[in-house]
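Coordinate inspection notes
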Amino acid sequence: MAQQATAKVSEQRIYKQELKRSLSFWDLLIYGMVFMVPIAPFGIYGSVAQGSNGMVALTYLIGMVGMIFTAFSYSQMSEAFPIAGSVYSYAQRGINDSVGFIAGWLILLDYVFIPALLYLVSASALHDLVPQIPIVVWAIIFIVINTVINVRGIEFTAKANKIIVVLELIILCIFLAVGIAAIVKGVNGAAFTFKPVYDHSHFSMSLVMGAVSIAVLSFLGFDGISTLAEETKDGSKSIGKACVYSLLAVGALFIIQTWVAALIWPNYNTFKNPDVAFYQIAEIAGGPWLRILTILATAFSWGIANALVAQAAISRILYSMARDKKLPSFLATVHPKYKTPYLSTLVIAIISIGVTAFFSSQIGKLSSVVNFGALSSFLFLHISVMVYFLKKKKSKNYISHLILPLIGFIVIGYVWINLDPLSKKLGFIWLAIGIIYLIGLKLFKKDTGLSLE
């Protein structure tokens, strides 16, 4: 009966329920955890440790607290509008249609390119282990696997997520067990200390917040839960709860693993190569086998697990925007058997192949593009909460609808300001293209009376 129901999205607009409602709260929680990758610090540990003067655990703690306010805003809006589309839908209905498009356009910058970034990082890691296979070939292998899983249906994706997150947690437990044993033995001069959490002799808020701007990228992904609002069977409250709880769970894991790593290699200024610092630490703690294990875990958790849910999320945003005639309508086509937006999924796969080939040696530039889109869309999200509840709904709940989103806006705004210049340059170019596209779309509708087909 759920599949025949309609989803109310506003007082004026009703959508036919086309996607299959099959996800539970636990499916959503695991989805968010997989998207954030419980072992994400493996790949960027060196940069965060050096940027924070060794206070890497503190950096992740601040990042988690800051992102919690964004999770609260997602929770508020997902209950008000339990539909696919994420921040696009929230800004569209919370503020107005044009602002919604711009917010959706910005989140596209994050979601469209992040699968390619994940494929590229994973392919590069495996290329180092098996250099005979080109990076692009590794990337295509990952893309094909994920596309097949996503087209088969969100239930199939959810089952794959459960297997993947269990494997990631097992590998993380192995590292923690071996790492703690190494600390007890005093390997590499390791000794228990609170310095990774707070070191008064090196503490500087500007320094730590600069590192937070890097670490916060590890938390990007919990927001992808909101794109599955039309595929959950437990009601809209499950979306908000899953956003908050997945963020807390993964944040705790980030803090623990980076604390252990910092104790094993306390002198962060002596990393041979910051990009592979975590794997060096793993080798010190357990030997070459642990180094290889953590490299493979990073490659497959990013290239399969994270990219899998990223591709699922962006296909739902394309579906939602196309359904509203903001993008070509074929992107809203749902598979007759699997009930998934399969054409959007295939489009993302094709884009990922092209972007991966183009940026094969420019991971830094690609990551800059992703950062701008995600953080900018979060700013629109917090504004949407305040405008919708305070102005449109005349809410008197000033804590939930003013103070919390305002704090979230300030925190995200501070991180946004600390983005590198290249990120802002590329981001504003993308924003300008979106504005021009929106103006053209409005003129087209005005002149012809037709929608974009």
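Here goes a summary of the coordinates provided. (Residues numbered from 1 in each chain as written. Predicted model: local features only at pLDDT ≥ 70, side-chain atom pairs only at ≥ 80, totals over all residues. Heavy atoms only, no water.)

Here's the deal with the packing of aromatic side chains
- This structure, assessed with the given rule, holds 29 aromatic pairs.
- Considering the side-chain rings of Phe-42 and Phe-278, the 4.2 Å spacing of their centres and the 25 degrees angle between planes classify their relative orientation as stacked. Of this pair, Phe-42 sits in helix α2 (residues 41-51) while Phe-278 is found in helix α10 (residues 277-286), placing the two residues 236 residues apart along the sequence. The residues Phe-42 and Phe-278 share a single accessibility class, namely buried.
- An aromatic cluster of at least three residues, connected via ring pairs, comprises Phe-42, Tyr-45, Phe-175, Trp-265, Phe-271 and Phe-278. (Phe/Tyr/Trp six-rings, centres within 6.5 Å; stacked < 30°, edge-to-face > 60°. Helix = DSSP H or I, 4+ residues; strand = E, 2+ residues; numbered from the N terminus. Buried < 20%, exposed > 50% of the residue type's maximum accessible area, 1.4 Å probe, protein only.)

Quick notes on the pattern of salt bridges
- This structure, assessed with the given rule, holds three salt bridges.
- We note a salt bridge from Arg-291 to Glu-283, for which the minimum N-O separation is 3.9 Å. (Salt bridge = Lys/Arg side-chain N within 4 Å of Asp/Glu carboxyl O.)

Remarks on helix α3 (residues 56-80)
- With 25 residues, α3 ought to run about 36 Å at 1.5 Å a step, and its terminal C-alpha atoms sit 37 Å apart, in line with that.
- Extensive coverage of α3 is indicated by the burial of 18 of its 25 residues. (Expected span 1.5 Å × (residues − 1).)

Some thoughts on the side chain of Ser-246
- In this structure, Ser-246 sits in helix α9 (residues 237-264).
- Classification of Ser-246 by relative accessible area gives buried; the value is 0%.

Structural notes on the nonpolar core
- Within the largest apolar cluster, 154 residues are counted, with the highest numbers of intra-cluster contacts made by Tyr-45, Met-67 and Leu-108.
- Those residues in contact with Tyr-45 that sit more than four places away from it in its chain are Val-56, Thr-258, Ala-261, Ala-262, Phe-271, Ala-277, Phe-278 and Ile-281. (Core = buried A, V, L, I, M, F, W, Y, C linked by side-chain atoms within 4.5 Å. Contact = heavy atoms within 4.5 Å.)

Observations concerning the packing of α2 against α9
- Orientation of α2 relative to α9, taken along the N-to-C sense of each, is 55 degrees, at an axis distance of 11 Å. Relative to α9, the element α2 lies oblique. Of the two possible hands of crossing, α2 and α9 adopt the one that is right-handed. Counted together, Pro-41, Phe-42 and Tyr-45 of α2 and Phe-254, Gln-257, Thr-258, Ala-261 and Ala-262 of α9 form the full contact between these two elements. (Axes fitted to C-alpha atoms, helices over the stretch in contact; angles between N-to-C directions. Parallel < 35°, antiparallel > 145°, perpendicular 65-115°, else oblique. Left-handed = near helix turned anticlockwise from the far one by under 90°.)

Observations concerning the packing of helix α1 (residues 25-36) against α9
- Look at α1 against α9: their axes get within 8 Å of each other, and the N-to-C directions meet at 45 degrees. Relative to α9, α1 is oriented oblique. Our pair here, α1 against α9, has a crossing hand that is right-handed. Every residue of α9 that contacts α1 at Phe-25, Leu-28, Leu-29, Gly-32, Met-33 and Met-36 is listed here: Ser-238, Ile-239, Lys-241, Ala-242, Tyr-245, Ser-246, Leu-247, Ala-249, Val-250, Leu-253 and Phe-254.
- A per-class count over the contact of α1 with α9 returns 13 nonpolar, three polar and one charged. (Nonpolar A, V, L, I, M, F, W, Y, C, P; charged D, E, K, R; others polar.)

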